[in-house]
Every structure is written in C-alpha cells, then in structure tokens.
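One-letter residues, chain by chain:
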Amino acid sequence: MLGSVATTEARVAVTAGILIVTLAVGWLLLPRVVRAAERVATRWLERFLDGRGEHSIETMREAVPTSFALRFLVGVLQLALFALAAVAILALWGQFAIVVAVLPVAGNALSIGAQAFLSLLLLGAAYVASDVLEEYVEDLSADSDRITAHQEQLLSRIMQVGVLVIAGITVLGIWGVNLGGLLVGAGFLGIVLGMAARQTLGSLIAGFVLMFARPFEIGDWVEIGDEEGFVTDITIMNTHMRNFDGEYVVVPNDLVTNQAITNRSREGRLRIHMEVGIGYDDDPDEASEIAEEVLAEIDTIANNPKPYVIPSGFGDSAILLDLRFWIEPPTPQARWRSKATAVEMIQDRFADAGISIPYPQRTVSYPPETAEAAETVERVERLDADGDERGDRGSDGRANDRPT
C-alpha cells in the first residue's frame, strides 16, 4: 500500500503524517492509556486478592517504584511504536531491504525482551502468590483449632517453595533450558547428598512427622528418653527443651521419634502416686480415711476426681498404703508442692491418731538347742579328749617324756 505512492511530494506528506501520528500517540495518548490501565489493574487486583498479599506488593513497590515501572513500560511501548513508524517510512521510500536485513536482529532483541519481561512477570506473580498463600494458611489456622502454629508454618513454607519451584521451572522453560538433563543431574546430586547426610535427612523427615503427628506442642511438659522438661521450640531438624535445672537441651528429631515420649500436659491433669507404711498393729482402714482427709484439704490437689487411699501390700516392716491423687493443671511445681505438703500433714495426723510409721527393722535369732544337738556336742568333746590322751602315752602305752 505504501509502495503505491509514486511522487516525492506524496511520500513526504505521508512521512510527515506518520511522524505526526506517531508523536501524538507516543507522547500524548500512550502515557495516559498506560496510567488508566494501571489504575484498572490495581483495582481489579485488590478486589481479587481481597486484602491478601499486601506485604509482597509493598515490597515489590519499594524495590521497583510504580512510577519507574510505568515509565519503563511507556518507554518500551514508545520504542515499539517508533520502530513500526520507521518500518513504515522505509517501506514508503522503497528501502524495505534495510528492514529485511535488520528484522532478524530486531526479532532476536524482541524475543529476548519478551522472555525477560515474561520471566520477571512470572517471578513477581509467584512472589505475590507465595505471600497470598501464607496469609490464606494463617486465616485457615485461625478458623481451625486442629492446625497448630508449627503446622501453619510448615504448610506455608511447603506451599511457597512449591510455587517458587514451579515458577523457576517455567522460567527455565521460557529460556529454552533442557530440563531433562537438569533433572538427571539433580537426581544424581540428590543421591550423593542423601548418602552423605543420612542423619540430617532422617532428622528432617522426622521433623515433618512430628509436625503432623503432634505428640507434643510448645509449652508441654514432656519426657523424651532420659530428658525431661518443657518444650520451647520445634524446628524441622531439632526439638528444643528447657529442663528443671534451667539447662537448654536440643534433641535431634530422629532421636525423638525413636524413643518413648511421655506428655504430662496433654490431658490437662496428672495423677500422682505415693506410698506410706503403717505398723502391723495399726488399723489400715482408719489410716486410709485419715490420709484421704488430708489429701482433700491440700489446695494443689484436685477434688475431681477425688483422692483415694488403698492398702497395696505387705512390706518388710509395714503395711503399705497407696495414695493416689490428681493435680490440675500439671506442673512440676504443683507435683513437688503437693507431695511435700502431703508428707508433712500425713505425718502430723498419724502422730495425733497414734498411728506409727515404722522404720525398717530386722530380728536375728538362733535355732533352739535340742537334746540331739547337745548329745552330739558331748560326743565330739569326748572323742577329742580320748585323742589327746593317746597322744600323751605314745604307741607302746608308756607315757612320753616331754622336756620341761
């Protein structure tokens, strides 16, 4: 169409018209259209996100200000518009061969620019999506009592890593990277790292198991193997505890899952056992009633269920009474305080009632001397005397001369 313009005057007029339209659109209309589109896109995005992802959006705005992004976009569009105008003018003046020669270079530049733009757009969208997913999991955790803070953190991190991995693979595909070879190399690297860090991977997997199984939570009073204390933190690799001596204990998660775990805080109450012995001459029923009354008077002991005392066995020096009572909520302080108070008050009340708490005793006795035993002793003594007499007389019956 442009090549049909034959006269020079017409070509000059068309060239001027192209330049005027290009300048008008590029410098006057295009910036306003971009700003209007940005406002519409912002309103639509805010309505779509419904208040989520504000942190990531603000972070991206701080890293790349909106004004700079708009100016950059307007500049790219203006450059493309001017390039089209230049192609049109060259075609008008019969210099299309120059366009054909420059077209591959321009196509490569345009392709690289499009790839870079799509990559940046995709990574930015993935960053915003990861923030949106984190806030969505937080809202879901707030509405549900079954999701703990650690499960919330774990779910957020897994979903964020998944979104970023998908975005990274897509970006590599956009740039034409061979994903097959990359995955094979990653597989070999994973095997080598797995063999070199078996214990670390074991702790990592055990951390995921603990996050979902939830045998204990932060603040629980637990006993893990030989360690006992309060859980202060649960990470992917370790469980952190503070024992009753104020020491900071770190237990790898693979050791946690391979040992018996006793959670004394899970049920909200804990039963305590104590034993006390009374003399065999005392009445076990009376002693049990007194002990139950004492336990019911202690403030740190729960009244529901009520404490009770039962005779549990015969000791070496006493009849054993088993004292069973509950503390609520279960804390080491409540356990120690209730046991110490119970010992002091039961001892006083037993003393007032005349009930003894005997200490261990042992009686040593000899078997009685019988007539057979006395006769045996007499026979042995007589044989010893006869042996001494024969030794004094010698073998010929005469007395042996002994030097004096």
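Residues numbered from 1 in each chain as written. Predicted model: local features only at pLDDT ≥ 70, side-chain atom pairs only at ≥ 80, totals over all residues. Heavy atoms only, no water.

**Student:** Where do I start with the nonpolar core in this structure?
**Tutor:** Most often, soluble globular proteins keep nonpolar side chains buried together rather than apart. In terms of nonpolar packing, the biggest core is built from 25 residues, with I278, L295, L321, L323, F325, I346 and F350 touching the most fellow members. Those elements giving two or more residues to this core turn out to be β6 (270-278), α9 (284-297), β8 (319-327) and α10 (332-353). In contact with I346, not counting residues within four places along its chain, are A291, V294 and L323. M211, I224, V231 and I234 belong to the second-largest nonpolar core, a separate cluster that totals 11 residues. (Core = buried A, V, L, I, M, F, W, Y, C linked by side-chain atoms within 4.5 Å. Buried < 20%, exposed > 50% of the residue type's maximum accessible area, 1.4 Å probe, protein only. Helix = DSSP H or I, 4+ residues; strand = E, 2+ residues; numbered from the N terminus. Contact = heavy atoms within 4.5 Å.)

**Student:** Would you explain the environment of W175 in this entry?
**Tutor:** By the element assignment, W175 lies in the loop between α5 (149-174) and α6 (179-196). In sequence terms W175 and I112 are 63 residues apart; their C-alpha atoms lie 8.7 Å from each other.

**Student:** Help me out: how do you make sense of a negative patch on the surface in this one?
**Tutor:** A contiguous patch of negative charge on the surface is contributed by D226, E227, D245 and E247. Structurally, the position occupied by D226 is in the loop between β1 (221-224) and β2 (227-234). (Patch = residues over 30% accessible without salt bridge, like charges linked within 9 Å, V, L, I, M, F, W, Y side chains within 5 Å. Areas by Shrake-Rupley, 256 points an atom, 1.4 Å probe, with all protein chains shown as cover. Salt bridge = Lys/Arg side-chain N within 4 Å of Asp/Glu carboxyl O. Lys, Arg positive; Asp, Glu negative; His and termini not counted. Charge placed at Lys NZ, Arg CZ, Asp CG, Glu CD.)

**Student:** Looking at this structure, how should I read the packing of aromatic side chains?
**Tutor:** Each aromatic ring pair is summarised here by two numbers: the centre-to-centre distance and the angle between the ring planes. Here the structure, examined in full by the defined rule, presents 4 aromatic pairs. Where W221 meets F244, the ring centres are 6.1 Å apart and the plane angle is 70°; that geometry is what we call edge-to-face. You can see W221 sitting in strand β1 and its partner F244 sitting in the loop between β3 (238-243) and β4 (248-252), a full 23 residues away along the chain. Here W221 falls in the buried class, since its relative accessible area comes to 0%. Ring centres 6.0 Å apart and planes at 70° place the aromatic pair F230 and F244 in the edge-to-face group. Taken together, the residues span a long stretch of sequence, with F230 in strand β2 and F244 in the loop between β3 and β4 at a distance of 14 residues. Classification of F230 as buried rests on a relative accessible area of 18%. Here the aromatic cluster, defined as three or more aromatic residues joined through ring pairs, consists of W221, F230, F244 and W336. The residue whose ring lies beneath R269 is W326, and the NZ or CZ to ring-centre distance is 4.8 Å. (Phe/Tyr/Trp six-rings, centres within 6.5 Å; stacked < 30°, edge-to-face > 60°. Lys NZ or Arg CZ within 6 Å of the ring centre and 35° of its normal.)

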